[in-house]
Amino acid sequence: MKPSWTVNIVLLIIVLIGGFYAWNSSRQDPVDDSRIEISSLKLSDFSEINIEFPSRQPTQFKLTEQGWRMMKPYQARADELYVYRVLGILATTSPVKLPANDLEKYGLEKPELKITFANKVEEVTFLFGTYNPVNEDQYILYNNHVYLISGGFSETATFQPLELIDKNPIARFEKIKSFDFSRLEQWQENRLRVNKDYANWSVQGDNVAADSKQMDEWYEITWEKLAATSVEPYKMDPRIGYRSFDILFENGKKVTFYRIQESPELTLYRKDEGLLYHFPGDLGFTMLNPHVMIKENSD
């Protein structure tokens, strides 16, 4: 019987120790989150953002029915990920809330950066000052109080405007229906046109055929999630006979791309936007050469 009693005692001790730790944990005070919400504003409250630096042109974004657009210094679709990172300032928190009675101490008498959010009825402004030398967070002024927030917001805002243009040559709201490659020299003889009908593909032209699965693979690695390495405003010289192709969208809109350069990189000029998109040469070749089979003439 002794071994049995020994086992029972050991089990009882284990249960008591476990119960003690559970009881002690339940008595511990909850974690004190002392961070302060800077504002009660919502990201969806605003439809305009103005970013101003002392030494360069301001950058302006506006929300349209087709998403965020850059209005200054360029007219272009905006990189929306960047825009929402800037809007994140509205929802951030600070470990301190200080009175705004010594702005020079925090570098806010001559702010390094000014961001204004606006809608039809109000504007709110955030001024950015110096960095805290201990944690590298940054002092900001909002609504007559000084706060300390991550320096990442200021770093995001300092991106050059060209970097903030959407690098996708096809907007997220544009649904491709067909490609007309017939004016490109490699397809001119065949007068190639590629049509997309949901998951099915077809081709039009002389002596051409295509497998829908292979066309799916081509589209997936090229136009479906295509992003340029860089993009810039461009003025094309119409006197130069650049080769071009058209893309037709489901809503009936047609846009023309001009092939400005093919090697060592592909550059495409989107006429309606006035923008030049840069792509690696190997990807560029695949973009303009779908998986189409050339049928031999029966003559």
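Residues numbered from 1 in each chain as written. Predicted model: local features only at pLDDT ≥ 70, side-chain atom pairs only at ≥ 80, totals over all residues. Heavy atoms only, no water.

Topic: the pairing of strand β2 (residues 48-53)
Counting buried positions over the six residues of β2 gives five, a clear majority of the element. The hairpin formed by β2 and strand β3 (residues 56-64) contains two residues between the paired strands. In terms of strand pairing, β2 meets strand β8 (residues 113-118) through five bridges, oriented antiparallel. Paired with I51 across the two strands is I115, which belongs to β8. (Buried < 20%, exposed > 50% of the residue type's maximum accessible area, 1.4 Å probe, protein only. Helix = DSSP H or I, 4+ residues; strand = E, 2+ residues; numbered from the N terminus. Pairing = 2+ DSSP bridges.)

Examining the packing of aromatic side chains
One pass over the structure, following the stated rule, counts 18 aromatic pairs. Geometrically, the ring pair formed by F245 and F257 is stacked, given 5.6 Å between the ring centres and 15° between the ring planes. Here F245 is found in strand β17 (residues 243-249), whereas its partner F257 is found in strand β18 (residues 254-261), with 12 residues between them in sequence. Residue F257 is classed as buried on the basis of its relative accessible area of 0%. Three or more aromatic residues link up through ring pairs in this structure, and these residues are F179, F181, W201, W218, Y219, W223, F245 and F257. (Phe/Tyr/Trp six-rings, centres within 6.5 Å; stacked < 30°, edge-to-face > 60°.)

Section: the sheet that holds strand β12 (residues 176-180)
With respect to topology, eight strands assemble into an open sheet ordered β14-β13-β12-β17-β18-β19-β20-β16, the strand pairing being antiparallel. Where the open sheet ends on each side, the last strands, each with one partner, are β14 (200-204) and β16 (230-233). Adjacent strand axes in the sheet meet at a mean angle of 25°, parallel and antiparallel pairs treated alike. Relative to β17, β12 runs antiparallel, the two being bridged by four bridges. From the neighbouring strand, S178 faces β17, where its bridge partner is L248. Docked against the sheet, helix α5 (residues 212-221) engages β12, β13 (193-197) and β14, running at close to 95° with respect to β14. (Axes fitted to C-alpha atoms, helices over the stretch in contact; angles between N-to-C directions. Contact = heavy atoms within 4.5 Å.)

Describing the layout of surface pockets
Considered as a void within the structure, the largest pocket measures approximately 250 Å³ in volume. In terms of lining residues, the largest pocket is bounded by 16 residues, among which R77, A78, E80, D166 and N168 are the most central. Of the residues in the lining of the largest pocket, the class split is eight nonpolar, two polar and six charged. (1 Å grid on protein atoms, 1.4 Å probe; cavity = no way out; pocket = protein on both sides within 12 Å on 5 of 7 lines; lining within 4 Å. Points joined across faces, edges and corners; volume = space filled by probe spheres on them. Nonpolar A, V, L, I, M, F, W, Y, C, P; charged D, E, K, R; others polar.)

A short note on the sheet that holds strand β4 (residues 67-72)
What the nine strands build is an open sheet, ordered β5-β4-β3-β2-β8-β9-β10-β11-β7; its pairing is antiparallel. Each edge of the open sheet is held by one strand with a lone partner, namely β5 (76-77) and β7 (97-99). Note: strand β9 (residues 123-131) against strand β10 (residues 138-142), three bridges, orientation antiparallel. Paired with Y131 across the bridge in β10 is Q138.

So, a negative patch on the surface
The grouping of D211, D216, E217, E220 and E224 at the surface amounts to a negative patch. Note on placement: E220 falls in helix α5. (Patch = residues over 30% accessible without salt bridge, like charges linked within 9 Å, V, L, I, M, F, W, Y side chains within 5 Å. Areas by Shrake-Rupley, 256 points an atom, 1.4 Å probe, with all protein chains shown as cover. Salt bridge = Lys/Arg side-chain N within 4 Å of Asp/Glu carboxyl O. Lys, Arg positive; Asp, Glu negative; His and termini not counted. Charge placed at Lys NZ, Arg CZ, Asp CG, Glu CD.)

Describing helix α2 (residues 80-87)
Spacing of three or four residues puts side chains on the same side of an α-helix, whose turn is 3.6 residues. For α2, the full list of buried residues reads Y82, V83, V86 and L87. One side of α2 carries all its buried residues, which in axial view fall inside an arc of 140°. Those residues of α2 that are buried lie in contact with β2, β3, β4, β8 and α3 (152-157). Regarding α2, its N-cap is D79, as a side-chain oxygen of that residue lies 3.1 Å from the backbone nitrogen of L81 further along. (Arc of directions from axis to C-beta. Polar contact = N/O pair within 3.5 Å; in protein donor to acceptor, adjacent residues only side chain to side chain.)

Section: the side chain of N168
As for its position among the elements, N168 is in the loop between α3 and β12. A polar contact of 3.0 Å, which involves the side chain of N168, links it to the backbone oxygen of L226. What N168 contacts, discounting residues up to four positions off in sequence, is R77, L226, A227 and Y277.

Focus on the confidence of the model for the chain
Segments scoring low in pLDDT should not have their predicted coordinates read at a detailed level. Residue-level pLDDT values for the chain average 87, and 88% of them are 70 or greater. Taken as a whole, residues 19-32 scores under 50 in pLDDT and shows zero contacts with residues more than four places along the chain or in a different chain. (pLDDT = per-residue confidence, 0-100.)

What to know about the environment of K253
In this structure, K253 sits in the loop between β17 and β18. Note on K253: relative accessible area 36%, which makes it partly exposed. Distance in space between the C-alpha atoms of K253 and E174 is 8.9 Å, their sequence separation being 79 residues.

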